[in-house]
Amino acid sequence: MRVLLIGLTGLCLAGCQDQANGGGGGTRDQITAVGSSTVYPFTTLIAETFVATNPDARAPVIESTGTGAGMKLFCAGIGAGHPDIEDASRRMKRSEYAACEANGVGPVMEIQIGIDGIAFAEARNGPGMTLTPADLYRALAATPLGRRNTARLWRDVNPALPATPIQVYGPPATSGTRDALAELILTRGCEAVDPRAKTLGPDAHKALCTRVREDGAYIDAGENDNLIVQKLAANPTAIGVFGYSYLEQNAGSVNGVAIDGVKPTYATIAAGAYPGSRPLYLYVKKAHLRAIPGLATFLQLYARAWGPDGPLIRRGLIAAPPAVRAKAAAVVANETPLDPAELGS
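No experiment lies behind these values; they were computed from the predicted model shown.

1. Overview of the overall build of the protein
Right, so step 1: Regarding its fold elements, the protein presents 14 helices and 11 strands.
Right, so step 2: Whereas a compact globule of 345 residues would reach a radius of gyration of roughly 20 Å, the protein reaches 21 Å, a difference of no more than 12%.
Right, so step 3: Along the longest, intermediate and shortest principal axes, the C-alpha atoms of the protein span 65 × 40 × 35 Å.
Right, so step 4: For the protein, the share of sequence-separated contacts (at least 6 apart) that also reach a separation of at least 24 residues comes to 74%.
Right, so step 5: With the model as given, the accessible surface of the protein reaches about 14300 Å², and the carbon-plus-sulfur share is 54%.

2. Thoughts on the layout of surface pockets
Think of a ball as big as a water molecule: rolled over the atoms, this probe shows where empty space is left.
Right, so step 1: Its volume calculated, the largest pocket comes out at about 990 Å³.
Right, so step 2: Together, 27 residues line the largest pocket, and Lys93, Asp179, Ala182, Glu183 and Ser345 are the ones closest to its centre.
Right, so step 3: Elements with a contribution of two residues or more to the lining of the largest pocket: helix H7 (176–193), helix H8 (202–210) and strand S11 (277–285).
Right, so step 4: A per-element tally of the lining of the largest pocket places H7 first, with eight residues.
Right, so step 5: Residue classes in the lining of the largest pocket are distributed as nine nonpolar, seven polar and 11 charged.

3. Notes on the pairing of S11
Right, so step 1: For S11, the buried fraction is high: eight of the nine residues fall into the buried class.
Right, so step 2: Pairing of strand S3 (residues 85–88) with S11, which is carried by four bridges, proceeds in the antiparallel orientation. If you follow Ile85 over to S11, its bridge partner there is Val284.
Right, so step 3: Where strand S4 (residues 108–123) lies against S11, nine bridges are found, and the strand directions are antiparallel. For Val108, the partnering residue across the bridge sits in S11 and is Lys285.

4. Examining the state of the cysteines
A covalent bond between the sulfur atoms of two cysteines is referred to as a disulfide.
Right, so step 1: Tallied over the entire structure, the rule returns two disulfides.
Right, so step 2: Residue Cys75 pairs covalently with Cys100 via a disulfide, S to S 1.9 Å. Between Cys75 and Cys100, the S-S torsion sits near -70°, and that sign places the bridge as left-handed. Of this pair, Cys75 sits in the loop between helix H3 (67–74) and S3 while Cys100 sits in helix H4 (residues 94–102), and the two are 25 residues apart along the sequence.
Right, so step 3: The exposure class of Cys75 is buried, given its relative accessible area of 3%.
Right, so step 4: On the basis of relative accessibility, which here comes to 1%, the residue Cys100 falls in the buried class.
Right, so step 5: Disulfide partner of Cys190: Cys209, at an S-S distance of 2.1 Å. Judged by the sign of its S-S torsion, about -55°, the bond between Cys190 and Cys209 is left-handed.

5. A word on the pairing of strand S1 (residues 32–35)
Right, so step 1: Residues Thr32 and Val34 of S1 are buried on one face, and the alternating residues Ala33 and Gly35, pointing to the opposite face, are buried as well.
Right, so step 2: As judged from the two bridges shared by S1 and strand S2 (residues 61–62), these two strands associate in the parallel manner. In the sheet register, Thr32 faces S2, and the bridge partner there is Val61.
Right, so step 3: Chirality of the crossover, the property in question, places the unit of S1, helix H2 (residues 40–53) and S2 among those that are right-handed.
Right, so step 4: Here S1 pairs with S3 via three bridges, running parallel. Its bridge partner being in S3, Ala33 is matched across the sheet by Ile85.

Analysis parameters
- Along each chain, the written sequence defines residue order, and numbers are assigned to residues from 1.
- Where local features are concerned, this predicted model is filtered to residues with pLDDT of at least 70; where side-chain atom pairs are given and counted, the filter is 80 or more; whole-chain, interface and lining totals use all residues.
- In computing side-chain values, all of the structure's heavy atoms are included and hydrogens and water are not.
- Put simply, DSSP marks the helices as runs of H or I at least four residues long and the strands as runs of E at least two long, and each gets a number from the N terminus on.
- Atoms considered for the radius of gyration are the C-alpha atoms alone. The globule rule reads 2.2 Å times the number of residues to the power 0.38.
- Residues are treated as being in contact if the distance between any of their heavy atoms lies within 4.5 Å.
- All accessible areas in this document rest on Shrake-Rupley with a 1.4 Å probe, and a residue is counted as covered only by the protein chains that are shown.
- Every definition here rests on a 1 Å grid over the protein atoms only: cavities are sets of points where a 1.4 Å probe fits but cannot get out, pockets are open sets enclosed by protein on both sides within 12 Å along at least five of seven lines, and lining residues have some atom within 4 Å of a point.
- Grid points are joined across faces, edges and corners, and a volume is the space filled by probe spheres set on the points.
- Each residue receives one of three labels: charged for Asp, Glu, Lys and Arg, nonpolar for Ala, Val, Leu, Ile, Met, Phe, Trp, Tyr, Cys and Pro, and polar for the others, Gly being one of them.
- Burial classification: accessible surface area is computed with a 1.4 Å probe over protein chains only, and a residue below 20% of its type maximum counts as buried, one above 50% as exposed, and the rest as partly exposed.
- Two strands make a pair as long as DSSP finds a minimum of two bridges between them.
- Note on terminology: pairs of cysteine sulfur atoms within 2.5 Å are recorded as disulfides.
- Whether a crossover is right-handed comes down to one check: with the strands pointing away from the viewer, does the path from the first strand over the helix to the second run clockwise; if it does, it is right-handed.

Here it is, written out as structure tokens:
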């Protein structure tokens, strides 16, 4: 039944009535992508290249919804009413893949396009902060060491830090950047200051280590990372959290904040020396590859652009190591599906 549904949907997308789109007369001749605000500028660049090299094609529609919200849209079904590509600033979760399977979205291709860093930044006239994961955990966790967070100043979490208010502008809970903040920074800080954290079950660990306070110290700035840059200019003592590409693009107005003595730069993130380094992905529905005009070509353009001298690097992407790029290019060339056994919870 599932194979039949996929086959029928492909035919519908190619020009017939789209039964996968609620039985409505829906067809689509343009590529659509949803997901990460961090990956958004890279996919947008490829969309611009696609239009420039295919003048008769309709411009792809790229939406910045956040990784988590994008996964829900991506996994909701196949057909003209559902996106072809999910931009992701973290890897797909096993539960998300299960949702895709339940809705007949499979198989799915996983393509690592490069590397990024969760950059902490301040205004150029900021206090020149240097932080550790432990500092950030004590400042941002809802219940550090199991107690309600009452810290108001950075000096409250570390006497060496300035007596300025804790104000951190960052992404919402639906963002992959927020997930990476929890996994790469807050968890590391939590386990450094509270040895029992490593022995806890998943729910207790989340409550202790990665649940972010909601009393105004952490300010949800939505999925618009450029808005965070603007807020830092207006509030020089605040800190912002976003993908490294936004730090690079706004180097004239913001500075990177060192974590564990390492500043977020192309070199430190590429080498894995910066604590916030993370991979970036595309997820693509194989059922849409033949049904949506130009989708396969779009992926080939991506593969030609992510090398060390490629246009995506000039946009702020950090090139993955050669072996990772070769594997990703092979996935594109061979349309290799993701093995869900490789996914984490």
